[in-house]
Amino acid sequence: MNSLKSAPVAFTAIFSPNVAKRYEIEDDKLIKKPADTLKTGPFETVSVCSMAALQEYLQSLSPGSVLLAGVNKELKDGNIGFGKNDLRRSKASFPHSIFVPGIAVADGDALLSLGIKTREEFVEATTKLVGDVQFVVSPSASSGVHLPGQQPEFKGAHVFFFVESPADTERIMAILHKRSIALGYGRAFITARGSILERSLVDLAMKTSCQLCFEGGAIVPDGVLQSREITLHNPDGALYLEAPELSAEEESQYQEKWATLLKAANPEAECKLSLIHI
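In what follows, the accompanying structure is described. (Residues numbered from 1 in each chain as written. Predicted model: local features only at pLDDT ≥ 70, side-chain atom pairs only at ≥ 80, totals over all residues. Heavy atoms only, no water.)

1. A few points about the layout of surface pockets
- In this model, the largest pocket occupies a volume close to 520 Å³.
- Residue lining of the largest pocket: 29 residues in total, with K21, D107, G108, D109 and D203 positioned closest to the centre.
- Counting residues per element, the ones that place at least two in the lining of the largest pocket are β3 (29-33), β7 (102-108), β10 (157-163), β11 (186-190), β12 (196-200) and β13 (213-215).
- In terms of residue count, β12 provides more of the lining of the largest pocket than any other element does, 3 residues in total.
- Split into classes, the residues belonging to the lining of the largest pocket amount to 12 nonpolar, 8 polar and 9 charged.
- Approximately 240 Å³ is the volume found for the second largest pocket.
- Along its surface, the second largest pocket is lined by 15 residues, and V71, N72, K73, S97 and F99 are the ones closest to its centre.
- Along the lines of polarity and charge, the residues of the lining of the second largest pocket split into 7 nonpolar, 5 polar and 3 charged. (1 Å grid on protein atoms, 1.4 Å probe; cavity = no way out; pocket = protein on both sides within 12 Å on 5 of 7 lines; lining within 4 Å. Points joined across faces, edges and corners; volume = space filled by probe spheres on them. Helix = DSSP H or I, 4+ residues; strand = E, 2+ residues; numbered from the N terminus. Nonpolar A, V, L, I, M, F, W, Y, C, P; charged D, E, K, R; others polar.)

Set out below in structure tokens:
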């Protein structure tokens, strides 16, 4: 196994006990409840020097753990909140570092709608997207939650990469999003107001340095199980994620795939839009 180590890769960890997705049992069924809003909580800058060390760190987290790709330039630890000495969770307080390498997180959600049913299929799709580079897969908080006797489902996942220049994250994520759609891993999301949004293996919200990444699993009551396996992939691959610009062929494939998805989504979107104006 490749034991390549990078310069220290930095990111921010926050802990707030109730800021986690949670499940309750109602009428013998699992019901997912939304996470509390992150208002306050202690933060610290975390540094790791290898993808294996990141994997180990993620395995140590518990529900209520939140990660940010950005880091504070002055403080290694402190508190997020609204007090006099607290920091706000913002891009100004936690920007992408320009001094040390960092992480980029690809948040894959609603995988069934992308034709992905298993972790193995997800890893294969991610490898097609990024090439021979190391990454760690952590199941989303809603993955693997099940009642005894039920089969756990792989519903979504976070993919962690190292990036040599975190300031380049926005460009990288935009390229991977379009490349994902070009590869056939795209869908059209229709909002309640009839707008159509592009979705892929890469959630573009994660390009922001202060975007929340919920780790550590979900809060579950007694009698509910959660299967969480955090895995390292392509350990002999490149250490840092790179994203070359789309070729002319890839750009054409992206345009064609998205046009097809858009056309298929238009009737439902128009129906929702018409109901708003009734």
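2. Let's talk about the pairing of β11
- Strand direction decides the pairing type here: β11 and β12, joined by 5 bridges, are antiparallel. Counted as the bridge partner of R187 is R199 from β12.
- Adjacent in sequence and paired antiparallel, β11 and β12 are bridged by 5 residues, among which G194 carries a positive phi angle near 90°. (Pairing = 2+ DSSP bridges.)

3. Here we look at the sheet that holds β10
- Pairing is antiparallel in the open sheet, where 4 strands are placed in the order β7-β10-β8-β15. Every interior strand has two partners, whereas the edge strands, β7 and β15 (231-233), have only one. On average, each strand axis in the sheet is inclined to that of its neighbour by 25°, with strand direction left out of account.
- Bridging between strand β8 (residues 135-139) and β10 involves 4 bridges; their strand directions are antiparallel. What sits directly across from V136, in β10, is F160.
- Across the sheet, helix α1 (residues 51-59) touches β8, β10 and β15, and the angle it forms with β10 is around 145°. (Axes fitted to C-alpha atoms, helices over the stretch in contact; angles between N-to-C directions. Contact = heavy atoms within 4.5 Å.)

4. Description of α1
- Of all the residues in α1, the buried ones are M51, L54, Q55, Y57 and L58. Angularly, the buried residues of α1 cover 165° about the axis, an arc narrow enough to put them on a single face. (Buried < 20%, exposed > 50% of the residue type's maximum accessible area, 1.4 Å probe, protein only. Arc of directions from axis to C-beta.)

5. Examining the pattern of salt bridges
- Evaluated as defined, the whole model comprises 10 salt bridges.
- One salt bridge connects E215 with R228, and the closest N-O pair in it is separated by 3.4 Å. One end of the pair, E215, is in strand β13; the other, R228, is in the loop between β14 (225-226) and β15, with 13 residues separating them in the sequence. (Salt bridge = Lys/Arg side-chain N within 4 Å of Asp/Glu carboxyl O.)

6. Overview of the packing of aromatic side chains
- Tallied over the full model, the rule gives 4 aromatic pairs.
- Taking 5.7 Å as the distance between ring centres and 65° as the angle between the ring planes, the aromatic pair formed by F11 and Y57 counts as edge-to-face. Here Y57 lies in helix α1 and F11 lies in strand β1 (residues 9-15), a separation of 46 residues in the sequence. The exposure classification of F11 matches that of Y57, with both residues buried.
- Aromatic side chains F43 and F94 sit 5.2 Å apart centroid to centroid with 90° between the ring planes, which places their arrangement in the edge-to-face category. Of the two residues, F43 is situated in strand β4 (residues 41-48) and F94 in the loop between β6 (77-80) and β7; the sequence distance between them amounts to 51 residues.
- You can call F43 buried: its relative accessible area is 3%. (Phe/Tyr/Trp six-rings, centres within 6.5 Å; stacked < 30°, edge-to-face > 60°.)

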